[in-house]
Amino acid sequence: MTTVRVRLTLIYSGLFLLTSVVLLVIVNTLLRQALHARIERFFPSPVGEAPAAPLLGSGVERLPPLSELARDVIHYQWDVSALAIGALTLVSVAVGWLIAGRILRPVHRITATAQRLSLSTLHERIALTGPRDELKDLADTFDAMLDRLERSVEGQRRFIANASHELRTPLAVQRTAIEVGLPEDVGEIRDTLLLHNHRIEGLIDALLVLSQAEHGLERRSPVALDEVVRLVLAEADRGEVTVTARIEPLTVQGDPVLLSRLVTNLVDNAVRYNHPGGAVAVTLAGGVLTVRNTGPEVPAERFGDLFAPFRRLHTTRGQGAGLGLSIVASIATAHGAAVRARPNPGGGLEVAVTFPASVTC
C-alpha cells in the first residue's frame, strides 16, 4: 500500500522531471537554431556547398565545417543537461520526501491523538498551532467534536449515577415493606415478591456495571488478579459442582471492582450452566484467565449470541438476565483484554480472557 507521503514525493519529483525535460528540449532547440543562424550570417556558403572554417595560416589544416562544430556543441549540451537533470531528480526526491513529511506532520498528530483517545481520555485535544489553513481547520473541527463528545459522555455518566440512586432506593424500600409488612400466612406470596425484587436489583446492578464498563476506565491501579480469583472462588456458591483451580501470580492495571465482577460472572456462569456432579476448572497462567466447565452443549447456531446482551442459550428463564458474558466482554474491552470462547467436546464451554502485556506488571 502506497502512503500519501510516497505519492506526494512521486508527484513532486515527477513534476520536476517533466518541467526539466521540457525546459531542456526548448533551450537546446533554440540553441541549435541560434547557432545555425549565426553561422549562416557570418559565414555564408555557396549553394550546394557546406560552410567551411577559414584558414589559420599556411601549413595549417583546414578546421571542420562550422555545422559539425555546432552539432558537437549541441550534443555536449544535451549530455551535460541530462546528467544535471538526473542528479537534480535524485535531489528532488529527497527534498520532496522531507517536504511531504513536514506537510503531513499535522495529519500524523491528528491520527495519533485519535488512536490514543478513549472514553477515559476525552479531555485530550490536538491543539494544533500554526497558520490558518485546511489542516488547522481540520484539527479545530476535531477538537470541537471532542468537546461535544466529552459533554455527552459526562451527561451519560451523571444520568447513570442518578438512575442508580433513584432505582435502588425504591427497591430497597419495597424489599423492606415485603419483609416487614406482609404477615406470615402469605409466605408463598412473600417469597415470590422477594424473589422478583432480588432479580430486579440484580438486573439493575448488571446494567449499571455494563454501562460503566462500556464507558471505559477513569482510573487504573495495580490489581493482584490472582488474589481476586481466590477471593471469588472462596465466596462462590458451588452447589453440586466441583471447582478446581490453578492460579499463578498476576498483577494487572485496571479497576479492582470491575475485575472482581468479571471473574465472578465467569465462575457463576460456569456453575449455573452446569449439571449436578459437573466440574469447573479455573486457570490463571501466562496472563490468561481461563474458566472451563462441563454442562449442556452449546448449539452451533447460537454460539454467536454468547456475548450479546439479554441472550440466553438455554430455556431456563430463571437463571439470569442474559448479561453475564456481555458484562465480561465489556469489562475485558475496557482493560484492553481479549475474550475468546469455544465449546468443549461433550458439552460445556471454555472462556479465556487474555490480558495484554501493556496492562500486566
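So, how was this worked out
Position labels on residues start from 1 in each chain and follow its written sequence. Given that this is a predicted model, residues contribute local features only at a pLDDT of at least 70 and side-chain atom pairs are listed and counted only at 80 or more, while totals for whole chains, interfaces and linings are drawn from all residues. Computation of side-chain values covers all heavy atoms of the structure but excludes hydrogens and water. Only runs of H or I of at least four residues qualify as helices and only runs of E of at least two qualify as strands under DSSP, and these elements are numbered from the N terminus. Any N or O atom pair separated by 3.5 Å or less is treated as a polar contact, with the protein-specific requirement of one donor-capable and one acceptor-capable atom, and with residues adjacent in sequence counted only for side-chain atom pairs. Note on contacts: a residue pair qualifies if any of its non-hydrogen atoms lie within 4.5 Å across the two residues. Residues with no salt bridge and a relative accessible area higher than 30% make up the patches, which join like charges within 9 Å and nonpolar side chains (Val, Leu, Ile, Met, Phe, Trp, Tyr) within 5 Å. Only the protein chains shown count as cover for residues, and all accessible areas are computed by the Shrake-Rupley method using a 1.4 Å probe. In what follows, salt bridge is the name for a side-chain nitrogen of Lys or Arg lying within 4 Å of a carboxyl oxygen of Asp or Glu. Multiply 1.5 Å by the residue count of a helix minus one, and that product is the helix's expected span. A simple rule labels every residue: compare its accessible area, found with a 1.4 Å probe on the protein chains alone, to the largest value its type can have, and call it buried under 20%, exposed over 50%, or partly exposed in between. Residues grouped as a nonpolar core are buried Ala, Val, Leu, Ile, Met, Phe, Trp, Tyr and Cys residues, joined through side-chain atoms within 4.5 Å. Strands are labelled as partners when DSSP assigns at least two bridges between them. Interaxial angle, 0 to 180 degrees, is taken between N-to-C directions of lines fitted to C-alpha atoms, where a helix line uses only the stretch in contact.

**Things to note about the side chain of E350**
Relative to the assigned elements, E350 resides in strand β7 (residues 349-354). Of note is the side chain of E350, whose polar atom sits 3.4 Å from the side chain of R292. E350 has contacts with T290, V291, R292, R340, A341, R342 and N344, leaving out every residue within four places of it along the chain.

**Remarks on a nonpolar patch on the surface**
Together, L88, V91, V95, I99 and I103 make up a nonpolar patch on the protein surface, roughly 400 Å² of accessible area in all. With respect to the helices, strands and loops of the structure, V95 is situated in helix α2 (residues 66-116).

**Quick word on helix α6 (residues 256-272)**
Here α6 is 17 residues long and its end C-alpha atoms lie 24 Å apart, about the 24 Å a rise of 1.5 Å per residue gives. Where α6 is concerned, the buried positions are L258, L259, L262, V263, N265, L266, V267, N269, A270 and V271. Sitting at the head of α6, D255 places a side-chain oxygen 2.9 Å from the backbone nitrogen of V257.

**Examining the pattern of salt bridges**
Pairing between side chains becomes possible if they bear opposite charge and their charged atoms approach one another. Inspection of every chain in the model, using the stated rule, returns ten salt bridges. Note that D140 is salt-bridged to K136, the shortest N-O span being 3.0 Å. With a gap of four residues between them, D140 and K136 both fall in helix α3 (residues 134-181), about one helical turn apart. For K136, a relative accessible area of 13% gives the class buried. Where E350 meets R342, a salt bridge forms, and the shortest distance between an N and an O atom there is 3.1 Å. Taken together, the shared-partner salt bridges in this structure form one network comprising R132, K136, D137 and D140.

**A word on the nonpolar core**
The tendency in soluble globular proteins is for nonpolar side chains to be buried as a group. Within the largest apolar cluster, 37 residues are counted, with the highest numbers of intra-cluster contacts made by L225, V229, L262, V263, L266, L289 and V353. Mapped by element, the contributors of at least two residues to this core are α5 (225-235), β2 (242-247), α6, β4 (279-285), β5 (288-293), α7 (324-334) and β7. The element that contributes the greatest number of residues to this core is α6, accounting for eight residues. For L225, the residues in contact, after removing those within four places along its chain, are L250, T251, L259, V263, L284 and F355. Ranked by size, the runner-up nonpolar core spans nine residues in total, among them L122, I126, A139 and F142.

**Observations concerning the sheet that holds β7**
In space, the five strands of this open sheet follow the order β2-β4-β5-β7-β6, with mixed pairing throughout. The open sheet is flanked by β2 and β6 (338-343), the only strands paired with a single partner. If you compare each strand with its neighbour and ignore which way they point, the axes differ by 10° on average. Bridge count for β5 against β7 is six bridges, and the pairing is antiparallel. Along β7, the bridge assignment pairs T290 with A352. Across the sheet, α5 is in contact with β2, β4 and β5; its angle to β2 comes to roughly 165°.

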